Each structure stands twice: as structure tokens, then as C-alpha cells.
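If you want the building blocks of each chain, they are given just below.
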Amino acid sequence: MAVFLNFVLTNSDPSALLFYLITMLYKEGSVKDMRKWAYEIHSTFLVPGAPLLCANVDEALAREIDDMLQKENGKAEKLSMVFLRSRVKVKDIINQQLQQFQTKRTAGLGTMYGPNDQLLQMAKGDKVKEQRIIDETLLPKLQQYLDELERESPKEDPKKSALCSALSTVLMRFFVTRYNPGGPIDKVHHFVSREKSFKSRLMTKNRKQTICGHNLHLQPYYEVTRCNHCQNILWGVSPQGYHCTNCELNIHRACAKDLNEYCPGPAVQKNDSKITKLMEKISSRNHHQDKSRRHDEDATADDTTISGEYNRIDTCMTTNKTVGVGEHDE
């Protein structure tokens, strides 16, 4: 597998093979892990515009996965199946690459990418010899990509950066390669991993910063989000980008260095139309109730006044009548 991967890295697009190997490890996580890892993988390999986009995965399938991640993020059985269809699709690409590799081996050109079949067979089962083959074929490739990234710094190539993370993940998790602190494997972010790389630990020290009035916080994303600066997908291992707590801007870590647009301040809160209508209905009902209550109170007051007038008149009439009778008797 190490020799075949070296062949693909040299001669073809390695996205399908790296995706397939990484998703073999995906189910090892808890529900929380799988939800986090799923977006990292999805945004790097499957979303249109992803840096390591797998050729056989269409936009409809990518949208289906995105919907599933948002709706089924609490169900382990659904999350564990989220990449099933995309894995089937990329196998066609991997089989084609394997046929090309076997053709090269048959023609005697396979040793350009690693030991011949006899040496591979002798190394089988011997962990030391197997590890030596891995170190001699894949570690130099990773170091080469890292050197190229350093020369391009500070503006990293997203595809090369994603390739370094994917290859480093396969070395560490699939081949269980031992690595030294500060070595090439530890210099990049890893997929499907609970442990943070040296770069991740270094990055988390700067979780907050203020640029042009933007109050930026590093955060993980769980659904497809675009950078408001370059309009590309916020992809990769979390935290994928910065979020402004004032204006709700989302931006790549790299793009934040070029941000020159001043923060307009807190975003205007949009009222939910249903809630607004309900509150208006309640307010209207209360208004009518108040009006009706005031009308009843006025009517009661009028009745009391009229009743008082009637009583006064009755009293006067009774008094007059009594007085009148007395005078007649006299």
C-alpha cells in the first residue's frame, strides 16, 4: 500500500485514495468525534470547490451529505454511514490507478516507487522492515510538500496544505508511523484525530484577535460555509476559520491576514416573521380587551350615575307626597 500510494502521489490525483484510507478510520470516533471529523473530510474532499475534490463525487451527493450532517448529527448509525456512497464512487478511480500501477510493475518500472515484489514479500510481517519501507517511500514525499509550502509562505496553496494534512494522517493513523516532536508528521493538522498536532497547539494560542474592528474568534464549522473574503469554502481540520462576533463575518485563517474591510458593527437582528405576527396578534387582542374593559367601566359608571339620579328623584317625590298629605290634613 505504501508503494502504491507513492506511485499515485507521483503520477496521478491522490484525492480518491487518501479519502478512502482516511474514511476507513472515521468510524472509530464517538458521535461527537464523527460529527466534527465528517465536516473536516466533507469540506476537504467532497464539497464543490474543495482543495482535494474527488472526481467521481457529484454536487448532488455532496449536498445530500451536507443535509445528512445537519439533520442526523446526533445519531451514530446515520453518521457512520454518511460516506458510504462516496466511498463506492471513488473505488472506480482507485481501481483504475491500481491497474496502471500493476502495468508499471509488470514492465519493471515499479521499483521507481519502492522495493520490488521480492523485497516486499521478505518484509511482510516484520514491523521494522515494513516501517523502513514506509519511511523511505512516503516520509520524503511529505517533507517535499512541506518544504514547498514553506517557500510559498505566508500565502499557502490550499491543495498542497490539504495534501500534507491527508498524507500525514495516513502515515500516523493508517501506517501507525512513529513520529518525533517537531518532525514532518507533527507539523501539520491531522484528520480523524483527537490529538492535536504541534501546529494545532500553536494555533490555538491565538484563538482571538482584533483586525479592523472585527472581533475574531477561531471556531469549528459543522456545515458548508464560505469565506466572506475570498468566497471559497472554509475547509479542513477545525477550527477552520475566524468568526466575527459583531458582524458575523466568516473568514479563513490565512485570509484574515489580508482583511482590510472595517467591521460595520453588530448585525441587525432579523425578527422571525411567525413570532412577529404572533406578538402583533397578542398585542392587538390585548388592545381590544383593554378597550372593551374601559367601555364596560364607563358603562358601569353611567349606570351608577343614572341609578343615583333615580334614587334622588324617588326620594324627592316621596318627600313631596308626604308633605302634601300633611298639609291637606291640617
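Everything in this summary refers to the structure shown in the same document. (Residues numbered from 1 in each chain as written. Predicted model: local features only at pLDDT ≥ 70, side-chain atom pairs only at ≥ 80, totals over all residues. Heavy atoms only, no water.)

Counting residues in each nonpolar core, the largest one holds 77 residues, and the members touching the most others are Leu5, Tyr26, Ile41, Phe45 and Phe83. Ranked by residue count, the leading element in this core is helix α10 (residues 158-174), at 8 residues. Looking at which domains feed residues into this core, each of domain 1 (1-186) and domain 2 (203-257) supplies at least three. If near-sequence neighbours (up to four positions away) are discounted, phenylalanine 83 is found in contact with Phe19, Thr23, Tyr26, Ala38, Ile41, His42, Leu46 and Ile65. (Core = buried A, V, L, I, M, F, W, Y, C linked by side-chain atoms within 4.5 Å. Buried < 20%, exposed > 50% of the residue type's maximum accessible area, 1.4 Å probe, protein only. Helix = DSSP H or I, 4+ residues; strand = E, 2+ residues; numbered from the N terminus. Domains from an automatic or database assignment. Contact = heavy atoms within 4.5 Å.)

Moving on, we get to the packing of aromatic side chains. In total, this model carries 8 aromatic pairs according to the counting rule given. Ring geometry for phenylalanine 45 and phenylalanine 191: centres 6.0 Å apart, planes at 50 degrees, overall tilted. Linking phenylalanine 45 in helix α3 (residues 31-45) with phenylalanine 191 in the loop between α10 and α11 (198-203), this pair joins segments that are 146 residues apart in sequence. Taking the relative accessible area as the measure of exposure, phenylalanine 191 reaches 0% and is therefore buried. Taking the centre distance of 5.1 Å and the plane angle of 90 degrees together, the rings of phenylalanine 174 and phenylalanine 175 count as edge-to-face. A residue is classified by how much of its surface remains accessible, and phenylalanine 175, at 14% relative accessible area, is buried. In textbook terms, an aromatic cluster arises when at least three aromatic residues are bridged by ring pairs, as seen for Phe19, Tyr26, Phe45, Phe83 and Phe191. One residue, arginine 35, lies across the ring of tyrosine 222, its end atom 4.1 Å from the ring centre. Here the basic side chain of arginine 87 rests over the ring of tyrosine 20, its NZ or CZ set 3.9 Å away from the ring centre. (Phe/Tyr/Trp six-rings, centres within 6.5 Å; stacked < 30°, edge-to-face > 60°. Lys NZ or Arg CZ within 6 Å of the ring centre and 35° of its normal.)

Backbone-to-backbone hydrogen bonds join strands into a sheet, with any given pair of strands oriented parallel or antiparallel. Pairing is antiparallel across the open sheet formed by 4 strands, whose spatial order is β1-β2-β3-β4. A single partner strand is all that each edge strand has here, and the edge strands are β1 (208-211) and β4 (250-252). Taking the axes of each pair of neighbouring strands and ignoring which way they run, one obtains an average angle of 35 degrees across the sheet. The sheet contact formed by β1 and strand β2 (residues 214-219) spans 4 bridges and is antiparallel. Opposite lysine 208, over in β2, you have histidine 217 as the bridge partner. (Pairing = 2+ DSSP bridges. Axes fitted to C-alpha atoms, helices over the stretch in contact; angles between N-to-C directions.)

Okay, the side chain of glutamine 97 next. Residue placement: glutamine 97 occurs in helix α6 (residues 84-106). Judged by relative accessible area, which is 3%, glutamine 97 ranks as buried. At a separation of 2.9 Å, a polar atom in the side chain of glutamine 97 contacts the main-chain carbonyl oxygen of aspartate 13. Glutamine 97 has contacts with Phe4, Phe7, Val8, Ser12 and Asp13, leaving out every residue within four places of it along the chain. (Polar contact = N/O pair within 3.5 Å; in protein donor to acceptor, adjacent residues only side chain to side chain.)

Examined against the element boundaries, lysine 89 turns out to sit in helix α6. Owing to a relative accessible area of 28%, lysine 89 belongs among the partly exposed residues under this scheme.

When β2 meets strand β3 (residues 241-244), the two strands line up antiparallel, connected through 4 bridges. Directly across from leucine 218, in β3, lies its bridge partner tyrosine 242. Here β3 pairs with β4 via 3 bridges, running antiparallel. In the sheet register, tyrosine 242 faces β4, and the bridge partner there is isoleucine 251.

The next subject is helix α1 (residues 2-11). Most of α1 is tucked away: 8 of the 10 residues are buried. For α1, the complete set of buried residues consists of Ala2, Val3, Phe4, Leu5, Asn6, Phe7, Val8 and Leu9. The elements touched by buried residues of α1 are α2 (15-24), α6, α7 (117-123), α8 (127-137), α9 (139-152) and α10.

Turning to the packing of α8 against α9, a few remarks are in order. A pair of packed helices is captured by two measures, namely the crossing angle of their axes and the spacing between those axes. Packing of α8 against α9 leaves a shortest axis separation of 3 Å and a crossing angle of 30 degrees. When the axes of α8 and α9 are compared, the pair comes out roughly parallel. On α9, the residues that touch Ile134, Asp135, Glu136 and Thr137 of α8 are Leu139, Pro140 and Lys141. Residues belonging to the contact of α8 with α9 are distributed by class as follows: 3 nonpolar, 1 polar and 3 charged. (Parallel < 35°, antiparallel > 145°, perpendicular 65-115°, else oblique. Nonpolar A, V, L, I, M, F, W, Y, C, P; charged D, E, K, R; others polar.)

Once that is clear, we can look at helix α4 (residues 59-71). Counted at 1.5 Å a residue, the expected span for α4 with its 13 residues is 18 Å, and the 18 Å between its end C-alpha atoms agrees. Listing the buried residues of α4 in full gives Leu61, Ala62, Ile65, Asp66 and Leu69. Buried residues in α4, looked at end-on, bunch into an arc of 140 degrees, giving them a common side. Lining the buried residues of α4 we find α3, α5 (76-80) and α6. (Expected span 1.5 Å × (residues − 1). Arc of directions from axis to C-beta.)

This brings us to the pattern of salt bridges. Scanning all chains against the criterion turns up 7 salt bridges. Residue glutamate 59 pairs with arginine 63 through a salt bridge whose shortest N-O separation is 3.2 Å. Here the residue glutamate 59 and the residue arginine 63 both occupy positions in helix α4, the gap between them amounting to 4 residues, near one helical turn. One salt bridge connects glutamate 152 with lysine 160, and the closest N-O pair in it is separated by 3.4 Å. Residue class for lysine 160 comes out buried when judged on its relative accessible area of 19%. Taken together, the salt bridges that share partners define one network made up of Glu148, Glu152 and Lys160. (Salt bridge = Lys/Arg side-chain N within 4 Å of Asp/Glu carboxyl O.)

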